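The residues making up each chain are set out below.
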Amino acid sequence: MKLIRVIYFPDLAGNQVKFDRQGDGLGRYTIYNYQRDDNSSAYHYKVVGKWFDGLHMDLNDVKWPSGKLTSSICSEPCGIGEVKITQSGDVCCWICHKCHPWEYVVDEFTCIDCGHGRWPYPHKQSCYDLDQQHMRWDSLFAIVPMAIATFGILLTFWVMVVFFRNNDTPIVKAAGRELSYLLLTGITLCYIMTFVMLAKPTRIICGLQRFGIGFSFAIIYSSLLTKTNRISRIFESARRSARRPSFISPKSQLAIASVLISVQVIGTAVWFLLEPPGTRQYYPDGKRNQVILKCSIRDSSFLLSLIYNMLLITICTVYAVKTRKIPENFNESKFIGFTMYTTCIIWLAFVPIYFGTGNSFEVQITTLCVSTSLSAYVALFCLFSPKVYIIIFHPDKNVRKLTMNSATYKRAPTSSTCGTSVNQGNGKGPCPVMTCSKHHEARKGNAMDTETGLYIDQNSEFKVVSPKKAAKNLPVITKSPIKTANKLQELTDLDENILQVHAINLKMDSSYNLMLQEINRLYPETENNLIKGFISIKTNTPENREGIIDLLKKNGKEFTLSESNEDRPLKIVIKYLSIDPDKDELKNILERKGFKILRISQLKNYRLKTPCPYFLVDVIKTQNHQNIYNIKTINQSS
C-alpha cells in the first residue's frame, strides 16, 4: 500500500494516475464558465481551468455575473436574532431562521419567548421589562379634561354659595332646596371623577372609577326623576280630585331619591363581589412591544354598569314629555326635558367614539372624561342658570307672587260640585262624575244618552240635545244673610291718644329685595305691603321709623313718607297765569300774603308734552291757610 501511494504512471489516454494518502485515485475536473461570445450574441461554455492535484485556472478568463469574485460556500453565518435550521446529519449547510420580535436567542439553534410585558434587547441575548403606559398628568390629553372639570367645580361651588346665601328666598324654595343641593353634589362628583379616571390605574383607583361614575350619575338622574315625578303627581292629582297627593314633602323627596340611588349602590356592590377591582396589561392590536396598564374590567362591562342610569334618563324624559303642558311658572320639567334630550345626544355620540378608539387609550379616556363633564354642565346650566339669573340680575322677581301659578289649571269635579251644580230632574246638564250614584242611578223604563249623560224619558215630548247646543249651566249662588252690624264700630273705640307711626313708601328697583332683607334683619317688627309700585314699610315705633329712613338715605334709595291728614299740605290749583312764569316770584307773592308755600309745580299736557297755564301749589297748613281761597287775582311782573 505504501508503494501504491508514491507510484504514479500514465494511463492509456496519456494522463498520469496518482493516489492520495488514503490510497484513492485523484479526481480530474475540467472547469467551464458559461459566458457570452464577444463576436456574437450566443452563449457557450468555455474552459477556464482544470483540477488535478490542485487548481489550475486563470481568474482573468472567468466572467463573473456581478463583475467581482463570488464566494463559494454552502451557508453564510446567521445574523443577530437568527438561528440555524439543518437537515439530519448535515452540519455544513443550514438555513437561517429569524426569531419572532418578542423572542431572544438561547443558542444558535433555539429561540425562546421573553414573556408578556418583556422585550428582548437589540443583541437578542436577553430580555427586559417594558414600561407600562398610562395617562400622564402633563399630557395634552389630560390637561384639557382637567381644565374643563376644574372650571365646572368652581362654577358649581359658586352656584352653591348663591343658593346658600339666598336659601330662604322664594325662588330657592320653589326649586326644592333639598333636591337642588343633592343635584349640585352629584354634579360636583361628576367633575371630580375626571381626576380619578386620569390617575394611574391601581386597585383602589379602579374601584373608585367603577363606583364613582355610576354613583354620581345616579345622584343627578334620581333627583331629576324625583322632581319630575312629584310635578306629574301633583297636577295629575289636581285633574282627578282636590286631595293633596302623598309623599311630596322635602323629606319624602329625599327618601325617594335615596332609594333610587341605593339601587345603583347595591348593583355596584354585587358587581364588586362577582368581579373584584384590579389592573391588567393590555396589548393594542397584538403589539407585544407596547403595554398599556388598564383596569381589569372590559369596556363593554363598564357600559353595562350604566344601564340603570340610562333607565333613569329614559323615565325622566317620559315624565318631562308628560308634564310639558303644565302652567308655565311650575314648568321646570321643560328644563329637565331639555337636559335629558341633550344628555341622550351626548351619550349617543360618546358610545361609538369610546369603542372606536379602544386601541388609543389616551383618546378613549379623554372622551370619557369630557362626556362626563359635559353631562354635568348640561344639568348645571339647564336647571340652575335660570334661577341664578333671577337671583343675581332680577331680585325684584324673587318674590312669592311670581313663583306661584299665573294660569288656571282645571281641577277635577268632586262629589260636592256634583251635588250642587247639577239638577238631573230639571235637565240642566249631565253629571260631571260618571260614578256618581246620586245622578246616574238607573231608572226603570229610561235610557241614558251616552253623549249627554242624561236619562231620557220615553213618554216625554222633550228632546235631548248635544252639550254644544245645550244651554250652559249657571252656578247656584247661595247669598249669605246681610249683617246689619256696623263694621266700622271698632274704629270708634280706638284710643285717640295711641301714637300712630306712618308708613315709608320705598320705590321698587333692581335691588329692593336685598334692602327689605336688611331692614327685616335690623327691625324684625316691620310689615311690608306692595301698593301701586311702592313697598309700604310699617313699623311700630317712631325710633324704628327714623332708623329705617336713615338706612334708606345711606343706601341712596328713593322713598316717600306717608303723613297724617293734619300734617299733609293743602293742594290748590291756580289757573290762567302766563305759561312761562317765574315760580320763585309766585312763591314770594303768596308768602307776602301770609301763606307758607312748600312747593309749586306747573302742570303739563302729557299727550302733547306742552306746559299748561295751571300751577299746583302745596300750602303748609297754618291758622290762615284757608284764606288762600279768597285770592282772586295775582299780579306778576311778567
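Since this is a predicted model, take the numbers as computed values, not measurements. (Residues numbered from 1 in each chain as written. Predicted model: local features only at pLDDT ≥ 70, side-chain atom pairs only at ≥ 80, totals over all residues. Heavy atoms only, no water.)

Peer 1: Give me the lowdown on the overall build of the protein, citing residues and values where you can.
Peer 2: Of the regular secondary structure elements, the protein holds 16 helices and 23 strands. Within the protein, the proportion of its 638 residues that are buried is 35%. Residue pairs in contact within the protein that sit at least 24 positions apart in sequence constitute 58% of those at least 6 positions apart. Total accessible area on the protein stands at roughly 41,400 Å², and carbon and sulfur atoms take up 57% of it. (Helix = DSSP H or I, 4+ residues; strand = E, 2+ residues; numbered from the N terminus. Buried < 20%, exposed > 50% of the residue type's maximum accessible area, 1.4 Å probe, protein only. Contact = heavy atoms within 4.5 Å. Areas by Shrake-Rupley, 256 points an atom, 1.4 Å probe, with all protein chains shown as cover.)

Peer 1: Would you mind going over the nonpolar core in detail, with residue names and values included?
Peer 2: Tyr 221, Leu 224 and Phe 384 are the most contacted members of the largest nonpolar core, which has 55 residues in total. With ten residues, the single largest contributor to this core is helix 10 (residues 361-393). Each residue touching Leu 224, except ones within four places of it in the same chain, is listed here: Leu 183, Cys 316, Ile 336, Thr 339, Met 340 and Leu 383. One finds Ile 572, Leu 577, Leu 590 and Phe 595 within the second-largest nonpolar core, a separate group that totals 15 residues. (Core = buried A, V, L, I, M, F, W, Y, C linked by side-chain atoms within 4.5 Å.)

Peer 1: Describe the pairing of strand 23 (residues 610-619), with residues and values.
Peer 2: Examined bridge by bridge, strand 21 (residues 570-575) and strand 23 share six bridges and lie antiparallel to one another. Note that in strand 23 the partner of Val 573 across the bridge is Leu 616. Two strands pair when backbone bridges link them, and strand 22 (residues 597-605) and strand 23 are joined in this way by seven bridges, in the antiparallel orientation. Bridging across to strand 23, Arg 599 finds its partner in Asp 618. The hairpin turn running from strand 22 into strand 23, its antiparallel successor, is four residues long, and Lys 609 in that turn takes a positive phi close to 60°. (Pairing = 2+ DSSP bridges.)

Peer 1: Outline the pattern of salt bridges, supporting the account with residue identities and numerical values.
Peer 2: One pass over the structure, following the stated rule, counts eight salt bridges. Taking the shortest distance from any N to any O, the salt bridge between Arg 177 and Asp 168 comes out at 3.2 Å. Lys 571 is the partner of Asp 618 in a salt bridge, and the nearest nitrogen-oxygen pair spans 3.1 Å. Of this pair, Asp 618 sits in strand 23 while Lys 571 sits in strand 21, and the two are 47 residues apart along the sequence. Judged by relative accessible area, Asp 618 falls into the buried class, the value being 2%. (Salt bridge = Lys/Arg side-chain N within 4 Å of Asp/Glu carboxyl O.)

Peer 1: So what's going on with the packing of aromatic side chains? Which residues, and what values?
Peer 2: Here the distance between the centres and the angle between the planes together describe a pair of aromatic rings. In this structure the tally under the stated criterion is ten aromatic pairs. Summarising the aromatic geometry, the rings of Tyr 389 and Phe 393 are spaced 5.4 Å apart at their centres and angled 40° between planes, so their arrangement reads as tilted. Highlighted residues: Tyr 389 and Phe 393, both in helix 10, separated by four residues, approximately one helical turn. You can call Tyr 389 partly exposed: its relative accessible area is 46%. A network of ring pairs unites the aromatic residues Phe 151, Tyr 191, Tyr 377 and Phe 381 as a single cluster. It is Lys 84 that lies over the ring of Trp 94; its NZ or CZ is 4.0 Å from the centre. In this structure, Arg 210 is placed above the aromatic ring of Trp 271, and the distance from its NZ or CZ to the ring centre is 4.2 Å. (Phe/Tyr/Trp six-rings, centres within 6.5 Å; stacked < 30°, edge-to-face > 60°. Lys NZ or Arg CZ within 6 Å of the ring centre and 35° of its normal.)

Peer 1: Explain the sheet that holds strand 23 to me, using residue names and the numbers behind them.
Peer 2: With antiparallel pairing, three strands are arranged side by side in an open sheet as 21-23-22. The open sheet has two free edges, formed respectively by strand 21 and strand 22, since each of these has just one partner strand. If you compare each strand with its neighbour and ignore which way they point, the axes differ by 30° on average. Sheet contacts for helix 16 (residues 583-592): strand 21, strand 22 and strand 23; angle to strand 22, the most-contacted strand, approximately 135°. (Axes fitted to C-alpha atoms, helices over the stretch in contact; angles between N-to-C directions.)

Peer 1: How would you summarise the UniProt feature "transmembrane region" (unreviewed entry) in the protein if you had to cite specific residues and measurements?
Peer 2: As annotated in UniProt, the feature "transmembrane region" (unreviewed entry) corresponds to residues 140-164, 179-199, 254-274, 302-321, 333-355 and 375-394 in the numbering used here. What you have in residues 375-394 is 95% helix and 0% strand, and the ends, taken at the C-alpha atoms, are 28 Å apart. (UniProt positions renumbered as here; feature names shortened; annotations may be inferred.)

Peer 1: Tell me what's going on with the state of the cysteines, and back it up with residues and numbers.
Peer 2: Here the structure, examined in full by the defined rule, presents four disulfides. Through a disulfide, Cys 206 is tied to Cys 295; the S-S separation comes to 2.0 Å. With the S-S dihedral at roughly -90°, the linkage between Cys 206 and Cys 295 falls on the left-handed side. Here Cys 206, found in helix 5 (residues 203-240), pairs with Cys 295, found in strand 14 (residues 291-295); they are 89 residues apart in sequence, far enough to count as distant. Judged by relative accessible area, Cys 295 falls into the buried class, the value being 11%. (Disulfide = S-S within 2.5 Å.)

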